[in-house]
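Observations on the three-dimensional arrangement
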Amino acid sequence: MCNSTDTKPTLIGLSRDELARVFAALGVPERAQAMRVAQLWNWIYARGATDFQQMTVLSKDLRASLAESWSLARPEIVTEQISTDGTRKWLLRLMPDKPGADGPLVETVYIPETRRGTLCISSQVGCTLTCPFCHTGTQKLVRNLSPQEITGQIMVARDRVGDWPEAQAEDATGLPDAERKITNIVLMGMGEPLYNFAHVRDAMAIASASDGLAYSKRRITLSTSGVVPEIPRWGGEANTMLAVSLHAVRDELRDKLVPINRKWPIAELLAACRNYPSLSNARRITFEYVMLKGVNDTLGDAKELVRLLAGIPAKINLIPFNPWPGAPYQCSAWEQIEKFAEVVNRAGYASPVRSPRGRDIMAACGQLKSASVKTRASKRRAEAAAP
Ligand code: SAH
Ligand code: SF4
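Conventions used here
- Residues numbered from 1 in each chain as written.
- Chains lettered and ligands numbered in written order.
- Predicted model: local features only at pLDDT ≥ 70, side-chain atom pairs only at ≥ 80, totals over all residues.
- Heavy atoms only, no water.
- Pairing = 2+ DSSP bridges.
- Helix = DSSP H or I, 4+ residues; strand = E, 2+ residues; numbered from the N terminus.
- Axes fitted to C-alpha atoms, helices over the stretch in contact; angles between N-to-C directions.
- Contact = heavy atoms within 4.5 Å.
- Expected span 1.5 Å × (residues − 1).
- Buried < 20%, exposed > 50% of the residue type's maximum accessible area, 1.4 Å probe, protein only.
- Near = heavy atom within 4 Å.
- Polar contact = N/O pair within 3.5 Å; in protein donor to acceptor, adjacent residues only side chain to side chain.
- Areas by Shrake-Rupley, 256 points an atom, 1.4 Å probe, with all protein chains shown as cover.
- Nonpolar A, V, L, I, M, F, W, Y, C, P; charged D, E, K, R; others polar.
- Parallel < 35°, antiparallel > 145°, perpendicular 65-115°, else oblique.
- Left-handed = near helix turned anticlockwise from the far one by under 90°.
- Domains from an automatic or database assignment.
- Salt bridge = Lys/Arg side-chain N within 4 Å of Asp/Glu carboxyl O.
- Phe/Tyr/Trp six-rings, centres within 6.5 Å; stacked < 30°, edge-to-face > 60°.
- Lys NZ or Arg CZ within 6 Å of the ring centre and 35° of its normal.
- pLDDT = per-residue confidence, 0-100.

A closer look at the sheet that holds strand β7 (residues 184-187)
Pairing is mixed across the open sheet formed by nine strands, whose spatial order is β1-β2-β3-β4-β7-β8-β9-β10-β11. Of all strands in the sheet, those bounded by a partner on one side alone are β1 (76-82) and β11 (314-320). Ignoring strand direction, the axes of neighbouring strands in this sheet form an average angle of 20°. Contacts between helix α4 (residues 147-160) and the sheet are confined to β1, β2 (88-93), β3 (105-112), β4 (117-120) and β7, with β2 contributing the most and set at about 130° to the helix. Against the sheet, helix α10 (residues 334-346) contacts β10 (285-291) and β11, and its axis sits at roughly 175° relative to β11.

A word on α4
Helix length check: α4, at 14 residues, gives a terminal C-alpha distance of 20 Å against a target of 20 Å (1.5 Å per residue), a fit within 8%. A large share of α4 lies buried, amounting to twelve of its 14 residues. Within α4, burial applies to Pro147, Glu149, Ile150, Thr151, Gly152, Gln153, Ile154, Met155, Val156, Ala157, Arg158 and Arg160. Count one or two residues on from α4 and you reach glycine 162, which has phi positive near 65°.

A few points about the site of ligand 1
Of all residues adjacent to ligand 1, which total 21 residues, the nearest are Gly191, Ser223, Ser245, His247 and Asn322. Measuring from an oxygen atom of ligand 1, one finds a side-chain N or O atom of histidine 247 at 2.5 Å. Contact between ligand 1 and glutamate 288: an oxygen atom at 3.2 Å from a side-chain N or O atom of the residue. In isolation ligand 1 offers 530 Å² of accessible surface; the protein chains occlude 96% of this area. When contributions to the shell around ligand 1 are tallied by element, the ones reaching two or more residues are β8 (220-224), β10 and β11. The residue inventory of the shell around ligand 1, partitioned by class, reads ten nonpolar, nine polar and two charged.

Quick look at the packing of helix α9 (residues 299-309) against α10
Helix-helix packing: each pair is described by the crossing angle between the helix axes and the interaxial distance. It is at 9 Å that the axes of α9 and α10 come closest, and there the two elements cross at 30°. With respect to α10, the element α9 is oriented roughly parallel. Crossing hand, α9 versus α10: right-handed. Only Gln336, Lys339, Phe340, Val343 and Val344 of α10 make contact with α9, whose side of the interface consists of Leu299, Asp301, Ala302, Lys303, Leu305 and Val306.

Regarding the domain arrangement of the protein
The domain architecture assigned to the protein consists of domain 1 (16-69) and domain 2 (76-361). Of the residues lining the interface, seven residues belong to domain 1; the matching set on domain 2 comes to ten residues. Arginine 16 is the partner of aspartate 211 in a salt bridge, and the nearest nitrogen-oxygen pair spans 2.7 Å. Where domain 1 packs against domain 2, one counts one residue pair in polar contact (both at pLDDT 80 or more). Here the element with the most residues in the side of domain 1 that touches domain 2 is helix α2 (residues 30-46); it accounts for four residues.

With respect to the packing of aromatic side chains
Under the criterion given, the structure shown has four aromatic pairs. On the basis of an interplanar angle of 80° and a centroid distance of 5.4 Å, the ring pair of phenylalanine 197 and tryptophan 234 is categorised as edge-to-face. Taken as a pair, phenylalanine 197 in helix α5 (residues 197-208) and tryptophan 234 in helix α6 (residues 230-237) lie far apart in primary sequence, 37 residues in all. Residue classification places phenylalanine 197 among the buried residues on the basis of a relative accessible area of 4%. Both rings, one in phenylalanine 321 and one in tyrosine 329, keep their centres 6.4 Å apart while their planes meet at 75°; by these two values the pair is edge-to-face. As far as the burial class goes, phenylalanine 321 and tyrosine 329 line up, both buried. It is arginine 47 that lies over the ring of tryptophan 43; its NZ or CZ is 4.1 Å from the centre. Sitting over the ring of phenylalanine 197, arginine 233 keeps its end group 3.7 Å from the ring centre.

Some remarks on the confidence of the model for the protein
Averaged over every residue, the pLDDT of the protein is 91; the share at 70 or more is 93%. Contacts from residues 371-387, a stretch scored under 50 in pLDDT, to residues over four places away or in other chains number eight contacts.

Observations regarding unusual backbone geometry
We note that glutamate 166 has phi near 65°; this positive angle belongs to a residue other than glycine. Within the secondary structure, glutamate 166 is located in the loop between α4 and β7. Located in the positive-phi region is alanine 214, a residue other than glycine, with phi close to 65°.

Overview of the environment of cysteine 273
Examined against the element boundaries, cysteine 273 turns out to sit in helix α8 (residues 266-274). Residue classification places cysteine 273 among the buried positions, given a relative accessible area of 0%. Linking cysteine 273 and leucine 175, residues 98 residues apart in sequence, is a C-alpha distance of 34 Å.

Let's talk about the pattern of salt bridges
Throughout the structure, instances matching the rule amount to 19 salt bridges. Between aspartate 159 and arginine 74 there is a salt bridge, and its shortest N-O distance comes to 2.7 Å. Taken together, the residues span a long stretch of sequence, with aspartate 159 in helix α4 and arginine 74 in the loop between α3 (60-69) and β1 at a distance of 85 residues. Exposure remark for arginine 74: the relative accessible area of 8% places this residue in the buried category. Among the salt bridges present, the one from glutamate 342 reaches arginine 346, with a minimum N-O distance of 3.6 Å. Taken together, the positions of glutamate 342 and arginine 346, both in helix α10 and four residues apart, correspond to about one turn of that helix.

If you want it as structure tokens, here you go:
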């Protein structure tokens, strides 16, 4: 059984070329490599195999030599929390960077609805950007996740919600009433995915390959704070759906809320959005707008938002601010969010308020931060409070 405590490197997240090299090293002749890779991908991504022994299509010897040096390990689950609304959050431990060290931690969140389920995955441990309303931005330790670690989050989630043929979840609380439990993937967890471009691209190639995890690109959404030069590149090389964290309609305020705006201001960001490939009414960019009390939530802001987005096939997602300990902001009053939404609705954007999910387990947008860091912070607070 290959499990997360396995110390052998995992084959999950390796590209077809890399797997061909694995087979070559095991003595599989070149002409047979592509077929072997296809068989392996099928077992890993269509059937969710966790053990080479299951892969009866490979010879016994080949299975044994694969198992000698490789594993099918997913990231280790440190904790699994299930919210009263069915949202699940996993704290995952990655392989350590140095032998003997503790592996870094990331969070992955699953949001079930009646007929669909969205998996929110992380692209980095922490984030180098420092949007002051975002909990992840306060985390010091930052590193990019590898394609294995990004793909591994999807695998672990599918294991836990029983989203493989003939599999069943250990705990079915709140799961959608549909055959597929995870129908959508969003890169909206920890980190700025466009600052880890190649690894996120390679992992999404596996997520979207028809003989890989087989999610249509229309069901994969990358959220960016606005790394403008990488937007056309992402359009060219991955072309998934795009979400943009706008959060303010004037540069002066956006410079503070989304500091990357000082480098690439609103006009440049929107120009990149306008040019994003194959936009249409059926394929729109989502603009995310966090509702911060007394900061960006006037009706004047709402009108300006609608004016700015004119001509871009767009959806607007109003996100009630999710609080976290020590956050310097408050969520706008509900009536204010409704009035803001009304202006946006009147301009033709439908049902834009994202209902907060999993707040009781700190799984909502912007609340993610590795528990190890949280524990240290709470220890510091406790020490500071001590007489
Ligand atoms: N770094 C990327 C993706 C991760 S953040 C980005 O910034 O887009 C995913 C979304 O959650 C972003 O729109 C982000 O602005 C939003 N967010 C961050 N902190 C939040 C909070 N405390 N409440 C609500 N939304 C938040
Ligand atoms: Fe990073 Fe996104 Fe959080 Fe900003 S909102 S700090 S870019 S994760």
